[in-house]
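Structural overview for review
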Amino acid sequence: MDKANIRKLLNSGIAPRPMTIVSTISEDGVENLASFSWFNTVTDYPPVISFGINRNAAGHLKDTTRNLKNGQGFAVNIISEAFIENANAAAVDAPPEVDEWTLSGLTKEKCVCVKIRASRVKESAFSMECEVIYQSIDITHPVTGEHDSTRILAHVKYFHVRKDMLTGRGAVDLTKFKPVGRVGDISYARVGDTYRIPIPLWAQEEAKIQEALKILAST
């Protein structure tokens with residue numbers, strides 16, 4: 001299969017994928033915004049997240065990739081329905097000297113960590129200030145040796161969560177947060193109704209499970 005079809009299958013089959021807009025800054029002080037859906041958590045302690053960055057259509061490194069490696073820090077801002085159009089505007093393939101913040105209309109908010117010069121997105125109800133202290137992995141094709149993408153493993157140094165988004169249990173309430181998911185092509189998804197399923201505990205369910213296994217074995 002060619003690259004386009006592989007990407008089409010991955011983007012539509014592994015769905016929905018969480019959406020984030022990453023804010024970085026160049027060594028010259030030019031701030032950049034870029035949205036990502038190849039993004040997720042890796043570990044919770046220490047808190048590590050990952051996202052993948054493909055090269056642009058011309059085969060060159062994107063501004064975000066260069067900025068992430070310059071040691072200035074960055075912010076990962078989860079996208080909600082309220083500002084999806086703004087985040088989409090920042091996805092334009094603008095030249096390096098163009099400030100996507102101005103194009104998007106989003107608001108800069110200073111990060112708390114002194115080592116992180118990049119701004120975070122004020123409109124995001126859930127943001128993470130990060131440093132690349134784990135790995136920046138250049139992904140190469142095992143046969144052709146082509147380098148088309150980079151995988152970033154980033155350490156979360158500070159969380160920003162709006163208090164009105166939290167439940168009484170200290171979790172984020174998705175019905176208020178309304179994060180946006182990506183489902184392939186140029187399609188997005190809303191978080192619909194949620195439901196709870198308790199994880200079974202062996203100590204409580206062993207007798208029922210053993211009985212069910214006996215019934216299955218006898219049929």
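Since the model is a prediction, treat every value here as computed from it, not as a measurement.

What counts, and where the lines are drawn
Here, residues in each chain are numbered from 1, in the same order as that chain's written sequence. With pLDDT at 70 or above as the cut-off, local features in this predicted model cover only qualifying residues; side-chain atom pairs require 80 or more to be listed or tallied, and sums for whole chains, interfaces and linings still use all residues. Values shown for side chains rest on all heavy atoms present in the structure; no hydrogens or waters enter the calculation. Within this scheme, the nonpolar core is defined by two criteria: the residues are buried Ala, Val, Leu, Ile, Met, Phe, Trp, Tyr or Cys, and they are joined through side-chain atoms within 4.5 Å. Partly exposed residues are those whose accessible area sits between 20% and 50% of the maximum for their type, while under 20% is buried and over 50% is exposed, using a 1.4 Å probe and protein chains only. Here a strand is any run of E in DSSP of at least two residues, a helix any run of H or I of at least four, and the numbering for each starts at the N terminus. Contacts: residue pairs with any heavy atoms within 4.5 Å of one another. Two strands make a pair as long as DSSP finds a minimum of two bridges between them.

Among the nonpolar cores identified, the biggest contains 20 residues, and Phe39, Ile49, Phe51, Phe74, Val76, Met128 and Cys130 are the most heavily contacted of them. At the level of secondary structure, the elements contributing two or more residues to this core comprise β3 (31–36), β5 (47–54), β6 (74–78), β9 (126–140) and β10 (147–161). Residues contacting valine 76, with those up to four places away along its chain left out, are Thr20, Ile21, Val22, Phe39, Ile49, Phe51, Phe126, Ser127, Met128 and Cys130. Among the nonpolar cores identified, the runner-up in size contains 12 residues, and Met19, Ile79, Phe83 and Leu106 belong to it.

On to unusual backbone geometry. Among all residues except glycine, the phi angle is most often negative; among peptide bonds, the trans geometry is most common. Residues alanine 15 and proline 16 are joined by a peptide bond in cis, for which omega reads -5°. Along the polypeptide, proline 16 turns up in the loop between α1 (3–13) and β1 (17–18). In this model, tyrosine 45 is joined to proline 46 through a cis peptide bond whose omega is 5°. Topologically, proline 46 is positioned in the loop between β4 (39–44) and β5. Of note, the phi angle at lysine 178 is positive, near 50°, even though the residue is not glycine. A relative accessible area of 44% means that lysine 178 is categorised as partly exposed. The backbone phi angle of aspartate 185 is positive, close to 55°, even though this residue is not glycine. Mapped onto the fold, aspartate 185 is located in the loop between β11 (180–182) and β12 (188–190).

Once that is clear, we can look at the sheet that holds β11. As summarised here, the arrangement of the 3 strands in space is β1-β11-β12, forming an open sheet in which the pairing is antiparallel. On the outer flanks of this sheet lie β1 and β12, each paired with one strand and no other. As paired elements, β1 and β11 share 2 bridges and run antiparallel to each other. Looking at the pairing, proline 18 lines up with glycine 181 of β11.

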